[in-house]
Amino acid sequence: MSKVFTVRLKPLYGESLSGYILSVALANGIDFDEILKMVTIISHKIISKRNSPYIIDFSPFTKIDLRILASLTGITQDILEGMTFLNLYRKFTDIMDSKTCIKSGITKKRIIKDHRQFCPYCLREHSGFKLIWQISDIEICDVHSTKLISHCTECGRQQPYVSNKIAELKCTNCDTNLHQMEVSQIQNKEVVNEQLKFYKYWEFLLKPHLTLCNLIKGMSKEKSLIITFFYACQLGKKEFKLDSVIKLFHYKFAYELLECVYDRESPTQIGRASCR
């Protein structure tokens, strides 16, 4: 198999793993699905262009043997993982499985998985399909201040998450060059500045080796985050008053968080000492 990858590409900055595999497939004259067959974990259903291709970026370890992919591409497994949303999930949980990744609130509400978002000008400059573009909060390109698009400007067809045509930077329906499409620049500075803030927040969440809070002794990452969140909502007040904090939110949201912290199996009182 190693002979197949005669062209070993280096990942582009911010490039998604799925986008990288598309580029590798094109450079080596191989069908995208053929590469997936090579690296799919034995006994697992093979991912394909039509069968949940977004999993490559969401929870690759559940379907793909990243060690094989690393061997074929000459790229370390850590770098390959960094091209996915794994670093995002690791900020919030210690449990890494397909159910946690695919069915989490983050995935359902914040990540676009049914089509490909892109900036024609970035594609023109050989910047690849960026992972951060698949986040619903991100609506513009931070380099060109243009709105990200997912449809062909010629025929209107929405572009799928992966396809051989996408690898060639062509519309899957009419073959129009995606990188030659024209998109108007956003003139509203407030909109641009707000989007740049979103970029900053999400780039932090996608970075490896960065944590949202210190782990509290005897607590999971989820519980540590919730307790730290409650204390942060007090805005520096010395005495912790849970009732006052709860009033800041919708009661259902607040009590759902409390249920995660205080349960029958391991009842724990929220105390200031826990957050030190």
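Look above for the structure.
Please read all numbers here as calculations on a predicted model, not as lab measurements.

Analysis parameters
Residues numbered from 1 in each chain as written. Predicted model: local features only at pLDDT ≥ 70, side-chain atom pairs only at ≥ 80, totals over all residues. Heavy atoms only, no water. Helix = DSSP H or I, 4+ residues; strand = E, 2+ residues; numbered from the N terminus. Expected span 1.5 Å × (residues − 1). Buried < 20%, exposed > 50% of the residue type's maximum accessible area, 1.4 Å probe, protein only. Arc of directions from axis to C-beta. Polar contact = N/O pair within 3.5 Å; in protein donor to acceptor, adjacent residues only side chain to side chain. Core = buried A, V, L, I, M, F, W, Y, C linked by side-chain atoms within 4.5 Å. Contact = heavy atoms within 4.5 Å. Lys, Arg positive; Asp, Glu negative; His and termini not counted. Salt bridge = Lys/Arg side-chain N within 4 Å of Asp/Glu carboxyl O.

Caption draft 1: Local environment of helix α11 (residues 189–206). The end-to-end C-alpha separation of α11 is 25 Å, in line with the 26 Å expected for 18 residues at 1.5 Å each. Buried within α11 we find V192, Q195, Y199, W202, L205 and L206. Considered in projection along α11, the buried side chains sweep an arc of 135 degrees and stay on one side of the axis. α11 presents K189, E190, K197 and K200 as exposed residues on the side facing more than 90 degrees away from its buried surface. One side-chain oxygen at the N-terminal end of α11 lies 3.0 Å from the backbone nitrogen of E190; it belongs to N188.

Caption draft 2: Summary view of the nonpolar core. Counting 58 residues, the largest nonpolar core has L17, F85 and W133 as its most contacted members. Per-element accounting of this core gives the leading share, 6 residues, to helix α1 (residues 17–27). Not counting the four nearest positions on each side in its chain, W133 is found in contact with Q117, F118, C119, C122, G128, I138, L148 and Y199.

Caption draft 3: Looking closely at the side chain of E15. Checked against the element boundaries, E15 lands in the segment before α1. Comment: no salt bridge for buried E15; closest opposite-charge side chain is R116, at 8.6 Å. Polar contacts involving the side chain of E15 include one to the main-chain amide nitrogen of L12, which spans 2.9 Å. Excluding residues that lie within four positions of it along the chain, E15 makes contacts with Y20, S23, M83, G128, F129, K130 and L131.

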